[in-house]
Amino acid sequence: MSQFQAVKMTYALNNEGNFVSVEDVENGLGCECVCIDCHGRLSAKQGKVKQWHFAHHQESDKKNCQWSGESEIHLRVKKYLDRHRKLTVPIGFSNPTSLTINFDDVKLEKSLRPTKRIPDVTGYCDGERILIEVKVTHEVDRLKASEYKAANASVIEIDFSDFTLFEDVISDKHIESHLKRTCLLWISVAPAGAIAQLFQGHERAITKKLIDKNKQLQREQDQLDREIKHRTEYVDSFEHLYSDYKKRVKAVTDELVEVSTQVDKFRSEQQANIEAARSSFSSTMDQLEDQHLRQLDEQNEAKFDRLEQDFIQDLYEKHKSLLSKIHEAEYKLDSKLETLASVEEQLGDLDEKSAELLQLESKLHSKAVSLKERDQAWLLASSANASIRRHFSRIEPDLRLICKKGGIPWPFKDCLLDELSQILDTPTSR
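Keep in mind that this is a model prediction, so the values were computed, not measured.

Caption draft 1: Main features of the overall build of the protein. A count of helices and strands for the protein gives 8 helices and 12 strands. Taking 2.2 N^0.38 as the reference for a compact globule, 430 residues should give roughly 22 Å; the C-alpha atoms of the protein span a radius of gyration of 65 Å, well beyond that estimate. In terms of overall dimensions, the protein has C-alpha extents of about 175 × 100 × 30 Å along its principal axes. Residue burial in the protein is summarised as follows: out of 430 residues, 27% are buried. Across the protein, contacts joining residues at least 24 apart in sequence account for 55% of those joining residues at least 6 apart.

Caption draft 2: Region of the structure containing the nonpolar core. Counting 28 residues, the largest nonpolar core has Leu-81, Leu-87, Val-89, Phe-103, Ile-132, Ile-158 and Phe-160 as its most contacted members. Formed by 13 residues, the second largest nonpolar core is a distinct cluster that contains Met-9, Val-25, Cys-31 and Trp-67.

Caption draft 3: Layout of helix H5 (residues 194-237). Between its terminal C-alpha atoms H5 stretches 64 Å, which fits the 64 Å expected from 44 residues at 1.5 Å a residue. Residues of H5 that are buried: Ile-195, Ala-196, Phe-199, His-202 and Ile-206. The elements touched by buried residues of H5 are strand S6 (86-91), strand S7 (97-102), strand S10 (128-135) and strand S12 (184-188).

Caption draft 4: Focus on the pattern of salt bridges. Per the counting criterion, the structure on display carries 12 salt bridges. As a salt-bridge pair, Asp-105 and Arg-85 come within 3.7 Å of each other at their nearest N and O atoms. Taken together, the residues span a long stretch of sequence, with Asp-105 in strand S8 (residues 105-108) and Arg-85 in the loop between helix H2 (69-84) and S6 at a distance of 20 residues. Accessibility expressed as a relative area gives 26% for Asp-105, which makes it partly exposed. Taking the shortest distance from any N to any O, the salt bridge between Lys-107 and Asp-105 comes out at 3.7 Å.

Caption draft 5: Region of the structure containing the sheet that holds strand S9 (residues 121-125). Strand order in the open sheet made by the 5 strands is S8-S9-S10-S11-S12, with mixed pairing throughout. On the outer flanks of this sheet lie S8 and S12, each paired with one strand and no other. Averaged over all adjacent pairs, the angle separating strand axes in this sheet is 25°, with direction ignored. As paired elements, S8 and S9 share 4 bridges and run antiparallel to each other. Following the sheet pairing, Lys-107 is matched in S9 by Thr-122. Sheet strands in contact with H5 are S10 and S12, and its direction is about 80° off that of S10.

Caption draft 6: Summary view of the confidence of the model for the protein. Mean pLDDT over the protein works out to 82, with 92% of the residues at or above the 70 mark. Within the protein, no element has a lower average pLDDT than helix H8 (residues 416-419), which sits at 69, and none a higher one than S9, at 92. Low pLDDT, under 50, characterises residues 426-430; the predicted model gives this stretch 8 contacts beyond four residues in sequence or across chains.

Caption draft 7: Inspection of the packing of aromatic side chains at higher detail. Tallied over the full model, the rule gives 2 aromatic pairs. Between Phe-93 and Phe-199, the ring centres sit 5.1 Å apart and the planes meet at 55°, which makes this aromatic pair tilted. Placement of the pair is Phe-93 in the loop between S6 and S7 and Phe-199 in helix H5, with a sequence separation of 106 residues. In this structure Phe-199 comes out as buried when scored by relative accessible area, which is 5%. A centroid spacing of 5.6 Å and a plane angle of 90° characterise the contact between Trp-186 and Phe-199, whose relative ring orientation is edge-to-face. One end of the pair, Trp-186, is in strand S12; the other, Phe-199, is in helix H5, with 13 residues separating them in the sequence.

Thresholds, definitions, all that
- Within each chain, residue numbers correspond to sequence positions counted from 1 in written order.
- Where local features are concerned, this predicted model is filtered to residues with pLDDT of at least 70; where side-chain atom pairs are given and counted, the filter is 80 or more; whole-chain, interface and lining totals use all residues.
- No hydrogens and no water enter the side-chain calculation; it runs on all heavy atoms of the structure.
- Think of it this way: any DSSP run of H or I at least four residues long counts as a helix, any run of E at least two long counts as a strand, and we number them from the N terminus.
- Computation of the radius of gyration draws on C-alpha atoms, with the globule rule given as 2.2 Å multiplied by the number of residues to the power 0.38.
- Only protein chains enter the accessibility calculation, which uses a 1.4 Å probe; a residue is then buried when its area is under 20% of its type maximum, exposed when over 50%, and partly exposed in between.
- Residue contacts are defined here by distance: any two heavy atoms, one from each residue, within 4.5 Å place the two residues in contact.
- Each nonpolar core is a collection of buried residues, namely Ala, Val, Leu, Ile, Met, Phe, Trp, Tyr and Cys, held together in the definition by side-chain atoms within 4.5 Å.
- Expected helix span is computed as 1.5 Å times (number of residues minus one).
- Should a side-chain nitrogen of Lys or Arg be within 4 Å of a carboxyl oxygen of Asp or Glu, the pair is scored as a salt bridge.
- When DSSP locates at least two bridges between a pair of strands, those strands are taken to pair.
- Note on geometry: axes are C-alpha line fits, over the in-contact stretch for helices, and angles between N-to-C directions span 0 to 180 degrees.
- Per-residue confidence from the prediction method is given by pLDDT, with values spanning 0 to 100.
- To pair, rings of Phe, Tyr and Trp, with the six-membered ring standing in for Trp, must have centres within 6.5 Å; the planes then decide the type, stacked if under 30 degrees apart, edge-to-face if over 60, and tilted in the middle.

Right, dumping it as structure tokens:
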């Protein structure tokens, strides 16, 4: 309980040996008080900032003193009960109720005869004695409790072991707040007296409620037993029908098991046949596809050979015609050269023009060669383009049929030639 180390001392002994509060004495050493434990001289600290409290005048007395915060709590609770003479206690052991006792008289540390025990507080109410024990660090042990019971004393214990400290000085407000929430435990209850009558009345009422509840439960149990008996007889009356239904269900279950077995067997055979058919179909389709592809390759190869021959023949004829035209042009050119030569002999002053004419002749020859090469290239490209278009037009239906049989979607949007038109643009002019 380390939090109690900060508790200040607020009670001490005066020069007459009586307990006095720091609020009831003079300030400083004028209080003429000594410590409750070590009897060392105390000084009353009644300042304007800190809470009023006592302090040892000499440091040596403080070191040898056994006073503690627990002692202060214990004393303050006893003084609280002595001043207020009121305590709310539980009545009954089962589902207890509350009773506020207003004491006519309160005695502190009064010995209980013949036990020689000294309870913390002894209260008197209407001639009945109630002993109060304050638990801070140690609870009432078994031996002490047995002695109280042997003396037929009413003893209650107040638990201050979990007291929460808010300040360094304990006030009546703190004690009152803790009493409202703490546990009060009856150690012993006298066999006679007002408290005993209240306990007995409470326990009789609780016992009566339990007896009534037990009777009600017994009636409900009897009702349940009758209902169970009735339902058992009802079930027994249908036992033979249940046995017959059970046999029928077993027979139907056996039939279902047999049918299920046959169905599983049929499914297995059907699955095997389907797998075999799939395998055979797949093999057949692969063979047909290979055969069709070989036929297409042969047909395409033959078509390409014929196209190549036709193209070469056409190109040869055009080349021959072009050579003939070139020879004719060369012949004409030679004739013009002879004419120029005769003119050169006659017109010697035209040498410069003759040189220009020769340069023009060279350019014309170059252009003729270039024109010849362009004509050859254009003819070759035009023929190849037309040949390729005719070839794709012929093979497109076959390609569509192959894709359809193989389950392959047609990879082009519409016509094959339209897709390839960006690649195979036909020249429109030389």
